Amino acid sequence: MKTTILGLLVLASGIFPKTLSAHEHIPSSVVDLTVSVFNDAGVAPSVWSQAQSRATEIMRRSGISLTWLDCGFPASGMPDSNCSAISYPTHLSVRVVRKVSPVKGDIFGQSFQDAAGEGNYVLVYYASIQAFRAATTVPAGELLGCVVAHELGHLLLGTASHSSTGLMSAVWQDPELRQAMRGNLFFTGDEGERMRFRFAAVTARLRKLSEPRYSSSGR
């Protein structure tokens, strides 16, 4: 099953300052999540650094702490040795590719899940983001970071996780893009709670399944 995020070119031009709430609430129960990043598109280090910072902040605001693993890009050296240790839901994978989506050109990314809504793989179409970025004033790194956070959100929320507005909206329109430009496009409090609850439930279930089973006999 695939979930997608679509870009819609409706953003009015203009520059807005970044503003954050002085009363932001960070949940006390924090989820630790590792993300392997495969930069097949060769995204410039400065752009990726901005994207990583944006995605990290988005997830942090919902009580999810990200650890990034650099898993290589064209002409790069040896990637982190833990890059292939993908394991749902604690270790997810993001691959950024140079091409546009073969389904539709304005799809920025896809997450892949099974029938139970579980999956660990995200694909980001950087050419689509670049084309969209060229007609807007949203910095490429900010837009890329929001896309990565959106797709990670799908993996953590499960199926049917699109919302009518906000970061998890299927189509980002003017309000979402203005928020992205300000650095204010986040998950809702309810989405954050659902991600943390589902993460805890799945890890507990998998931990129980991995525990050894003992049998005893008596006279």
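Summary of the structure given here. (Residues numbered from 1 in each chain as written. Predicted model: local features only at pLDDT ≥ 70, side-chain atom pairs only at ≥ 80, totals over all residues. Heavy atoms only, no water.)

1. Quick look at the pairing of strand E2 (residues 31-39)
Side-chain direction in a regular strand flips from residue to residue, so the side chains alternate between the two faces of the sheet.
At step 1: Most of E2 is tucked away: seven of the nine residues are buried.
At step 2: In terms of strand pairing, E2 meets strand E3 (residues 64-70) through seven bridges, oriented parallel. Residue Val-31 lies in a different strand from E3, and its bridge partner there is Ile-64.
At step 3: Considered for its hand, the β-α-β crossover made up of E2, helix H1 (residues 45-60) and E3 is right-handed.
At step 4: For E2 and strand E4 (residues 91-97), the ladder comprises six bridges, and the chain directions are parallel. In the strand pairing of E4, Ser-36 is matched with Ser-93. (Buried < 20%, exposed > 50% of the residue type's maximum accessible area, 1.4 Å probe, protein only. Helix = DSSP H or I, 4+ residues; strand = E, 2+ residues; numbered from the N terminus. Pairing = 2+ DSSP bridges. Right-handed = clockwise from strand over helix to strand, strands pointing away.)

2. Observations concerning the state of the cysteines
At step 1: For the structure shown, the criterion picks out one disulfide.
At step 2: Between the sulfur atoms of Cys-71 and its disulfide partner Cys-83 the distance amounts to 2.0 Å. Looking along the S-S bond of the Cys-71-Cys-83 disulfide, the torsion reads about -100°, which is the left-handed sense. Highlighted residues: Cys-71 in the loop between E3 and E4 and Cys-83 in the loop between E3 and E4, separated in sequence by 12 residues. (Disulfide = S-S within 2.5 Å.)

3. Observations concerning the nonpolar core
At step 1: Counting residues in hydrophobic clusters, the biggest one holds 49 residues, and the most contacted among them are Val-124, Tyr-126, Leu-144 and Val-148.
At step 2: In terms of residues, this core owes the most to one element, helix H3 (residues 140-157), which gives 11 residues.
At step 3: The contacts of Leu-144, once residues within four sequence positions are left out, are Val-43, Trp-48, Ala-51, Val-124, Tyr-126 and Ile-129. (Core = buried A, V, L, I, M, F, W, Y, C linked by side-chain atoms within 4.5 Å. Contact = heavy atoms within 4.5 Å.)

4. Quick notes on the pairing of strand E5 (residues 107-112)
At step 1: Within E5, five of the six residues are buried, leaving the element largely enclosed by the surrounding structure.
At step 2: Note: E5 against strand E6 (residues 121-125), four bridges, orientation antiparallel. Looking at the pairing, Ser-111 lines up with Val-122 of E6.

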